[in-house]
Structure formats: structure tokens, C-alpha cells
Amino acid sequence: MKKRKQFAFNKLFNFCMVSGALLTWVSIAFFRDNDSELGLIFGIIALPVLLLPAIFTPYCYAFDSEGVSLRYIFLPVERYLWKDIRAIEVQDIGGTKRFFPIDFFYAFVFCIEGENVGESRFYMTGHIRKSFRTKRLLEKYWDGTITGYLFENIKNRINKRRAKKQVQVRAHLTDEVVPMERDVRAEVREWLNPLIAQAKQYDLDIKTSFIYITKDNEEWFSRPKEGYTYTLAAKIAHFNEADKNRAVTVKVDLLYVRLGKTAYRGVKNKHIGEALKYSLSDMLIEIGEKGIDVFLEES
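Bear in mind the structure is a predicted one, so any value in this text is a computation, not a measurement.

Draft legend 1. Molecular detail of the pattern of salt bridges. Summed over the entire model, instances satisfying the criterion amount to eleven salt bridges. Across the pair Lys268 and Glu187 runs a salt bridge, and its minimum N-O distance is 2.7 Å. With Lys268 in strand E12 (residues 264–268) and Glu187 in helix H5 (residues 177–201), this pair connects stretches of sequence that are 81 residues apart. Accessibility expressed as a relative area gives 27% for Glu187, which makes it partly exposed. Taken together, the shared-partner salt bridges in this structure form one network comprising Lys83, Asp84 and Lys270.

Draft legend 2. Broad picture of the packing of H5 against helix H6 (residues 272–290). With their axes 10 Å apart at the nearest point, H5 and H6 run at an angle of 25° to one another. Put simply, H5 runs roughly parallel to H6. The handedness of the crossing between H5 and H6 comes out as right-handed. Contact residues: H5 offers Val184, Val188, Trp191, Leu192, Leu195, Gln198 and Ala199, while H6 offers Ile272, Gly273, Leu276, Leu280, Ser281, Leu284 and Ile285.

Draft legend 3. Molecular detail of the packing of aromatic side chains. Per the counting criterion, the structure on display carries twelve aromatic pairs. Where Phe30 meets Phe42, the ring centres are 5.5 Å apart and the plane angle is 25°; that geometry is what we call stacked. Here the residue Phe30 occupies a position in helix H1 (residues 11–32), and Phe42 occupies one in helix H2 (residues 36–56), the gap between them amounting to twelve residues. On the basis of relative accessible area, Phe42 is assigned to the partly exposed category, the value being 25%. Where Tyr72 meets Tyr123, the ring centres are 5.0 Å apart and the plane angle is 75°; that geometry is what we call edge-to-face. With a gap of 51 residues between them, Tyr72 in the loop between strand E3 (67–71) and strand E4 (78–81) and Tyr123 in the loop between strand E6 (108–114) and strand E7 (127–129) connect regions that are remote in the sequence. The pair formed by Tyr72 and Tyr123 is uniform in burial state, with each residue classed as buried. Here a set of aromatic residues connected by ring pairs shows up, and it is made of Phe210, Tyr212, Tyr228, Tyr230 and Tyr264. The cationic tip of Arg86 hangs over the ring face of Tyr256; the distance from NZ or CZ to the ring centre is 4.4 Å. Across the ring face of Tyr264, the terminal group of Arg223 is positioned such that the distance to the ring centre comes to 6.0 Å.

Draft legend 4. Geometry of a nonpolar patch on the surface. On the surface, a nonpolar cluster with roughly 310 Å² of combined accessible area is contributed by Phe31, Leu40 and Ile44. The topology assignment puts Phe31 in helix H1.

Draft legend 5. How the structure looks around the side chain of Glu181. For Glu181, the location among the structural elements is in helix H5. Contact partners of Glu181, with chain neighbours within four places excluded, come to Tyr212, Arg223, Tyr228, Tyr230 and Leu255.

Draft legend 6. Inspection of the sheet that holds strand E9 (residues 219–220) at higher detail. A sheet is described by the order of its strands in space; here five strands give the open sequence E9-E8-E10-E11-E12, paired in antiparallel fashion. Both edges of this open sheet fall to E9 and E12, since each of them pairs with a single strand only. Both strand E8 (residues 204–214) and strand E10 (residues 228–238) contribute to a ladder of eleven bridges, which runs antiparallel. Paired with Ile211 across the strands is Thr231, a residue of E10. On the sheet, H5 packs against E8, E10, strand E11 (248–259) and E12 and is oriented at approximately 155° with respect to E8.

Draft legend 7. Molecular detail of the sheet that holds E6. In space, the three strands of this open sheet follow the order E5-E6-E7, with antiparallel pairing throughout. Bordering the open sheet on either side are strand E5 (85–92) and E7, each of which pairs with just one other strand. Between one strand and the next, the sheet's axes are offset by a mean angle of 25°, whatever the strand orientation. As paired elements, E6 and E7 share three bridges and run antiparallel to each other. What sits directly across from Val109, in E7, is Arg129.

Draft legend 8. Focus on helix H3 (residues 132–141). When H3 is considered as a whole, its buried residues turn out to be Thr134, Leu137, Leu138 and Tyr141. Buried residues of H3 fall within an arc of 100° about the axis and therefore sit on the same side. In this structure, the buried side of H3 is in contact with strand E1 (6–9), strand E2 (60–63), E5, E6 and E7.

Conventions adopted
- Residues numbered from 1 in each chain as written.
- Predicted model: local features only at pLDDT ≥ 70, side-chain atom pairs only at ≥ 80, totals over all residues.
- Heavy atoms only, no water.
- Salt bridge = Lys/Arg side-chain N within 4 Å of Asp/Glu carboxyl O.
- Helix = DSSP H or I, 4+ residues; strand = E, 2+ residues; numbered from the N terminus.
- Buried < 20%, exposed > 50% of the residue type's maximum accessible area, 1.4 Å probe, protein only.
- Axes fitted to C-alpha atoms, helices over the stretch in contact; angles between N-to-C directions.
- Parallel < 35°, antiparallel > 145°, perpendicular 65-115°, else oblique.
- Left-handed = near helix turned anticlockwise from the far one by under 90°.
- Contact = heavy atoms within 4.5 Å.
- Phe/Tyr/Trp six-rings, centres within 6.5 Å; stacked < 30°, edge-to-face > 60°.
- Lys NZ or Arg CZ within 6 Å of the ring centre and 35° of its normal.
- Patch = residues over 30% accessible without salt bridge, like charges linked within 9 Å, V, L, I, M, F, W, Y side chains within 5 Å.
- Areas by Shrake-Rupley, 256 points an atom, 1.4 Å probe, with all protein chains shown as cover.
- Pairing = 2+ DSSP bridges.
- Arc of directions from axis to C-beta.

Spatial relationships are all this shows, so hold off on functional conclusions.
Right under this line is the structure:
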């Protein structure tokens, strides 16, 4: 069955195309009037106004039940699946765009945090131009809360006060994230087995715990009633070490969890194995060679 798509046009792209066409028309008019100097100036201005957004800026956004696609005229499609998006935040990128300074005039974007489908290329930033239509479609298809709006803190305080006044507050379902947390714990323990064996060679021990870290970096040992990062905390210390300060703790993100409309929604970190293999393994070698006291002093 073909997926039904809804489209939203990139207003910046449309603005640049209209502006470029107008500048080109003015340039041609000056050449016809034998004013080649002004014609050349307007032609030089029109060229980047037309070419840069035509190449590097998506002309539209295609939304469907599985994800959103940023479509370019010449470049491959940039696509994100809803299940892989861990956060969407409103950001002001005025004056920071790499290819086109006119972003200064229309700089607010929805910034997608998540991995795109396929190969990542230099122009794939996950930025969707902010408009009433893109906002409506993102809120329609993505099960999460868009952050970064103006006066967001004031709105959050009002919502919390309203929640406290309610006699009964509906709890978010955990039927999705609980199995995800269980599965990722099992995977992590398998990845840790060779690292634990490696630690024993240096007379070191690795003790693990799984914690919840919220956006304001608060650590919880039970699931908070807000978005969080499910995190592995691996503590490296010598065997039978009583002094808790003589230990090194390594934290690795496992799941990025947000509050959806009715349930917790999780996105798995696809680079857990790499983070454990390289950062933790390298740290074990360094601690084993230098000693944990020297390592703590240097760090």
C-alpha cells in the first residue's frame, strides 16, 4: 500500500527563486538599455541567489507515517524516520548557515536530533524551515514534544501547576521502553564480558549500574516522569578498593527516551558497541599502565 504523503514548501527556497528571477530580469533590462555595468552587477548578485539555494537548500519537505524527507533539486534526499528521532528543537541559525547568508532574514528552523537514513553527507543538517505548516505536520506525525519555543519555561510552569490541580493524572505507558531497556542491558553485558576480562589483567574491576539522566543532568535510579537518557555507568576501580574516590566512572548513552502523547518513546543509540570498545578499552589500558592514582591526577 502506497504511503500517503503531505508536503510543505521551503519558504526560503521560494523567496530566493523569486528574488533571483527578479534580479535576473533587472540585469537583462539594464543590458537592453546598454548599461552593461549595472547589468553585470545585478547579474553577479542574481547568480548566487539562484544557484546556492537551488543546490544546497531543500525545495520541500515530504511527511508520511514513517518519516520526513527533505528533498533537493540536485542532491540525494535527506530522510529521517520518526522512530529514530530522539528530539526536535526550535533553533535560531541566523548568520550561521554555511552556504547562504540570507538565512539571517528567516533563521528559525526545527532541528532534528537523530540519524538520517543512508549515508550522511555534508549538507544534511536535519533543519526544517519553521512555518505554521511544518509545525503542524511535525506535531501530527511525530510522537513527542517540540522544544525551544519562546516562553517555553513559562508554559512548562503553567502546565505543571495545572497537573498538580488535577485529581488524577494519566501516567505514560511504559510498554515500549521497558523491553527496550531490558534488551539493551542484555546486549551491554555481552559487550562488557571481554572488557571485564581485560580489566582483570590489570587487577581492575568494572562495576556497572544503569541510571536515568534527565535534560538538566539530574541522575535518577528510577524512571522519571519526563524525558531521559538511559545510561550505563561503568565504575573502574582496583579489586577490594574501599575508597570510592579512587575510581573512574565512564558513562555511555544507551537509549534516548522522550514523553510521547500517551507513552514513553525510545530511540536506541546505534554506537553503543563502538563507545564501549574504544573509550572503555583504551581507558583500561591507560589506567593499567599508569595506575589509577596517576590517571585521576592527570584527568
